[in-house]
Amino acid sequence: MKIKIDRLKEGDNSVTFDQDSLISLEIKDHEILSGSELTLVVIKNDNYLHITGSNKVKYQEHCDRCGNEFKPTIYIEIDYVFHLGNEKRGNSDNLEIIRPNENDGYLIFDQYYIETFYLSLPLKKLCFYNCKGLCPKCGINLNTDSCTCDEEKTIDPRWEKLAEFAKKKKK
Ligand SMILES: [Zn+2]
Ligand SMILES: [Zn+2]
């Protein structure tokens, strides 16, 4: 995902990336499987670049409750401001500094896309909204199977010691 910054004209520019450039991104634990075309609008105003754009991607995920793999889709919304040069101007923490001479005049956008991807991930990763998860005793997947583990007899391992202690006391 490269943007040729030394050839940008003042005002609006646009750069488009196809699905292949999304799939080839190295995203740890969340491989992108497919995605819609990404068009970035690059507005150049003197030494400032404002880059916006959005697309949808489907990626690989594991359910927090049952551990199964599933393939959710999320919406990615890019919004970055860059300043061309060596120094930080102003006090904005959101301003990224780029040096046009690095990378042969290209802005490598991968890390910014990946960062936005991570920020877009939902906090809860569930294969579906009321996934029943795994039985804590036998480990069976309660979405597809059922077991005979009696819930009343199941003791949380954290309380096991205490339960033993209570038994001894009764004797
Ligand atoms: Zn699940
Ligand atoms: Zn069970």
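The coordinates are above.
## A short note on the coordination of the zinc ion (ligand 2)
Phase 1: Looking at the metal site, the zinc ion (ligand 2) is ligated by Cys135 (SG), Cys138 (SG), Cys147 (SG) and Cys149 (SG), spaced 2.3 to 2.4 Å from it.
Phase 2: Binding-site remark: the zinc ion (ligand 2) is held by donors from one chain whose sequence spacing is C-x2-C-x8-C-x1-C. One end of the pair, Cys135, is in the loop between helix H2 (110–120) and helix H3 (157–170); the other, Cys149, is in the loop between H2 and H3, with 14 residues separating them in the sequence.
Phase 3: With a relative accessible area of 8%, Cys135 lands in the buried category.

## Regarding the nonpolar core
Soluble, globular proteins show a tendency: their nonpolar side chains are buried together.
Phase 1: Judged by nonpolar contacts, the single largest core of 31 residues is most densely connected at Ile3, Ile51, Phe82, Leu107, Phe109, Tyr113 and Phe117.
Phase 2: Every element with two or more residues in this core is listed here: strand E2 (11–17), strand E4 (38–45), strand E5 (48–59), strand E8 (73–84) and H2.
Phase 3: Counting residues per element, this core draws most heavily on E8, which supplies six residues.
Phase 4: Dropping the residues within four chain positions of it, Phe117 is found in contact with Ile27, His30, Ile32, Val57, Tyr59, Ile74 and Ile76.
Phase 5: Formed by five residues, the second largest nonpolar core is a distinct cluster that contains Cys63, Cys66, Leu126 and Cys131.

## Some words on the packing of aromatic side chains
Phase 1: A complete count under the given rule lists eight aromatic pairs for this structure.
Phase 2: With a centroid separation of 5.0 Å and an interplanar angle of 90 degrees, the aromatic rings of Phe82 and Tyr112 are classed as edge-to-face. Of this pair, Phe82 sits in strand E8 while Tyr112 sits in helix H2, and the two are 30 residues apart along the sequence.
Phase 3: When its relative accessible area of 7% is taken as the criterion, Tyr112 is described as buried.
Phase 4: Each member of the aromatic cluster is reached from another via a ring pair, and the members are Tyr80, Phe82, Phe109 and Tyr112.
Phase 5: Over the ring of Tyr106 we find Lys2, and its NZ or CZ is 4.7 Å from the ring centre.

Parameters at a glance
- Residue numbers run consecutively from 1 along every chain, following the written order of its sequence.
- Whichever chain is written first becomes A and whichever ligand is written first becomes 1, with later ones labelled in order.
- Selection of residues for local features in this predicted model requires a pLDDT of at least 70, selection of side-chain atom pairs for listing and counting requires 80 or more, and totals for whole chains, interfaces and linings are taken over all residues.
- Hydrogens are left out, water is left out, and the side-chain values use all remaining heavy atoms of the structure.
- Distances decide who is a donor: an N, O or S atom must be within 2.8 Å of the metal, or within 3.2 Å for Na, K and Ca. Water is not included, so sites may look incomplete.
- Put simply, DSSP marks the helices as runs of H or I at least four residues long and the strands as runs of E at least two long, and each gets a number from the N terminus on.
- Whether a residue is buried, partly exposed or exposed follows from its accessible area with a 1.4 Å probe, protein chains only, as a fraction of its type maximum: under 20%, in between, or over 50%, in that order.
- The set of buried Ala, Val, Leu, Ile, Met, Phe, Trp, Tyr and Cys residues whose side-chain atoms join them within 4.5 Å is what this entry labels a nonpolar core.
- The contact criterion used throughout is that any non-hydrogen atoms of two residues lie within 4.5 Å.
- Pairs were defined over the aromatic rings of Phe, Tyr and Trp, the Trp ring being its six-membered one, requiring ring centres within 6.5 Å. Orientation was assigned from the angle between planes: stacked under 30 degrees, edge-to-face over 60, tilted for the rest.
- We count a charge as sitting over a ring when the NZ of a lysine or the CZ of an arginine lies within 6 Å of the ring centre and within 35 degrees of the ring normal.

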